Amino acid sequence: MGRKNYNADWDAAFVAAMSAAVPSALGGMRLDQALARLFPQYSRNRLQAWLRSGHITLDGKSAQPSHPVAGGERIVLEPPPVPELASPQAQRMPLKVVHEDAQLIVIDKPAGLVVHPGAGQPDRTLLNALLAHAPALAGVPRAGIVHRLDKDTSGLLVVAKTVSAQADLVKQLADRTMRRVYLAIVQGDPPASGVIDAPVGRDVRARIRMAVTHRGKPARTAFRVLERFGSAALVECRLETGRTHQIRVHFQHIRHPLVGDVVYRRGTRHGFAFPRQALHAAELSLRHPRDGKLMIWRSPLPRDLKRLLDKLRDDGEWN
């Protein structure tokens, strides 16, 4: 695949017109719901926006997202052109590679490293480092990145080296067969175990934050307490879904926000001066795209979280 324009390679699916007939099995469904079934590569919010802007037609006419379909209608989707963006550049940076083969790379990401360039971080990201480490990733959408970790979350992240491997890993994420286990240090004394089942979406009061909201997407986090310190607890979390900031939002929702999380500490006593959210992606397991073999990787706690735990074990406080 050529390197003519990184952004065009990444979002090639956004520029080609597509059409589909509505299956009779979807008859009676809202148009936006039917679209989500027919074009699962796009989010429902994006499809609704394209409906309203006229980039999607139903039998040659504009229609509202709530319009019921009968089955048999012809849908034509003509996404708007992608704006030109500067292509991310390869930048040599230290990378802790815990596994690499012809299909994938597993990285142990340090806290403080942004995964993908954005308005506030145009370069010096994991993506820039990956392009230097494996230049062929320039021909894979998103440079092979299939899931992300927040800037200040440390731990394991998988990157696909081929388009076919990426498709396989994305499907594993969608099917919830890729297992991701996190260790978090939370404030207070949470229940011994449980499942936080609460939808997560954009916070309407502050767009940079996520929140538990009925407008959000389904989100489930299973957890169990590993160790208690009185003022805090070490918790193992297993993601059943992968929403943005899911663990951070869910534990704020049950009033046990992560230690050091200055974004999601509202409504709780914040007595911990720790420089980042105390969250580490400790275990990653998946089926290898080549042969389906189960692969498991584990990452030990980084030094800053070990020091925090030692301090909590000594006196139950962190100042």
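Worth saying up front: this structure is predicted, and the values here are computed from it rather than measured.

Before going further, it helps to examine the packing of helix 2 (residues 31-38) against helix 3 (residues 44-52). Running from N to C, helix 2 and helix 3 point in directions that differ by 120 degrees, and their axes come no closer than 9 Å. Between helix 2 and helix 3, the angle is such that the two are oblique. For the crossing formed where helix 2 meets helix 3, the hand is right-handed. Residue-level inspection shows L31, D32, Q33, L35 and A36 of helix 2 in contact with helix 3, the latter providing R44, L47, Q48 and L51. Of the residues contributing to the contact of helix 2 with helix 3, the split by class is five nonpolar, two polar and two charged.

In this section: the side chain of T153. Within the secondary structure, T153 sits in the loop between helix 4 (126-133) and strand 6 (154-160). Residue classification places T153 among the buried residues on the basis of a relative accessible area of 2%. Side chain to side chain, T153 and Q277 meet in a polar contact 3.1 Å long.

A full pass over the atoms with the stated rule returns 19 salt bridges. Residues K171 and D175 are paired through a salt bridge, measuring 2.6 Å at the closest nitrogen-oxygen approach. Taken together, the residues span about one helical turn, with K171 and D175 both in helix 5 (residues 163-175) at a distance of four residues. Classification of K171 as exposed rests on a relative accessible area of 52%. Here E236 ties to R224 by a salt bridge, and the two come within 2.9 Å at their closest N and O atoms.

Cut-offs used in this document
- Residues numbered from 1 in each chain as written.
- Predicted model: local features only at pLDDT ≥ 70, side-chain atom pairs only at ≥ 80, totals over all residues.
- Heavy atoms only, no water.
- Axes fitted to C-alpha atoms, helices over the stretch in contact; angles between N-to-C directions.
- Helix = DSSP H or I, 4+ residues; strand = E, 2+ residues; numbered from the N terminus.
- Parallel < 35°, antiparallel > 145°, perpendicular 65-115°, else oblique.
- Left-handed = near helix turned anticlockwise from the far one by under 90°.
- Contact = heavy atoms within 4.5 Å.
- Nonpolar A, V, L, I, M, F, W, Y, C, P; charged D, E, K, R; others polar.
- Buried < 20%, exposed > 50% of the residue type's maximum accessible area, 1.4 Å probe, protein only.
- Polar contact = N/O pair within 3.5 Å; in protein donor to acceptor, adjacent residues only side chain to side chain.
- Salt bridge = Lys/Arg side-chain N within 4 Å of Asp/Glu carboxyl O.

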